[in-house]
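Descriptive structure summary
As a plain string of letters, each chain reads:
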Amino acid sequence: GVAPMWSSQSCFIFADTRELMDDRKQPEGGCAKFLAWLWGYPLLGWIKIIISFYQVLSSFMATYRVDWPSINSLQMDSAAVSRLDFLAMPGLNCIIEGSSYKVMLVSYLLGVPLILAVLSLPSLYVIVVGIVSKGGWNQHPKFPSVSRRLLLMTLLFIFVVYPTVSVASLRSFSCQDLGELGHLLKADYREPCPRDAPDGFIFQWSLTFAILYPVGIPFLALLVLF
């Protein structure tokens, strides 16, 4: 397993669990001791449960067509931050309200790889420096710790954003027949149903990311576990 080894100089250096439990490598400093204690208890699991609760709460507005009291509506809208749905948060959703469905779809589905690319920049830098001056892509002394940090940050980010990107990719297939008005997309009645145009941009884009996110992320997690 992987666990953090805290020092008084840095609270973000990761080491093997065996090293953390070694009596000769006890953490020093108030911040270091607190974070080492925090990692030793299932608080991170509890935090994930709390995040999951607010992720479910944030979906109530779209799932249940209820005239919610204003205080509850504000709580549900604010809970969108628990799944990193910043475009649905109060204030931002008013700014992008007039955007087309295609713009919204691309923003949601391309945002994840762009953020992951930014998170990977330190690892890329370490790899490049290792190739240029250390004799190999994994020869830089910081490579192990930077790689472990990247893995943990990536897993946490995907855990939080998974509901948002899954809904964004799958809702393109939910349509409603409005009679004379036609077969329209439920998420945006300005758009015709993408299922009626399988060669169209929205259908193909959504199908690609539906395979990548709702199906691909759990499959990747299984590969990591087994």
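Residues numbered from 1 in each chain as written. Predicted model: local features only at pLDDT ≥ 70, side-chain atom pairs only at ≥ 80, totals over all residues. Heavy atoms only, no water.

**Overview of the sheet that holds strand 3 (residues 175–177)**
Reading across from one edge, 3-4-5 is the order of the three strands in this open sheet, with antiparallel pairing throughout. Each edge of the sheet is formed by a strand with only one pairing partner; in this case those strands are strand 3 and strand 5 (188–192). This sheet shows a mean twist of 45 degrees between the axes of neighbouring strands, independent of strand direction. As paired elements, strand 3 and strand 4 (residues 183–185) share three bridges and run antiparallel to each other. Considered in strand 4, the bridge of Gln176 is made with Leu184. (Pairing = 2+ DSSP bridges. Helix = DSSP H or I, 4+ residues; strand = E, 2+ residues; numbered from the N terminus. Axes fitted to C-alpha atoms, helices over the stretch in contact; angles between N-to-C directions.)

**Thoughts on the side chain of His140**
One can find His140 in the loop between helix 8 (121–134) and helix 9 (143–170). You can call His140 buried: its relative accessible area is 15%. In this structure the side chain of His140 is engaged in a polar contact, spanning 3.0 Å, whose partner is the backbone nitrogen of Lys142. Apart from residues lying up to four places away in sequence, His140 is in contact with Val126, Val129, Gly130 and Lys134. (Buried < 20%, exposed > 50% of the residue type's maximum accessible area, 1.4 Å probe, protein only. Polar contact = N/O pair within 3.5 Å; in protein donor to acceptor, adjacent residues only side chain to side chain. Contact = heavy atoms within 4.5 Å.)

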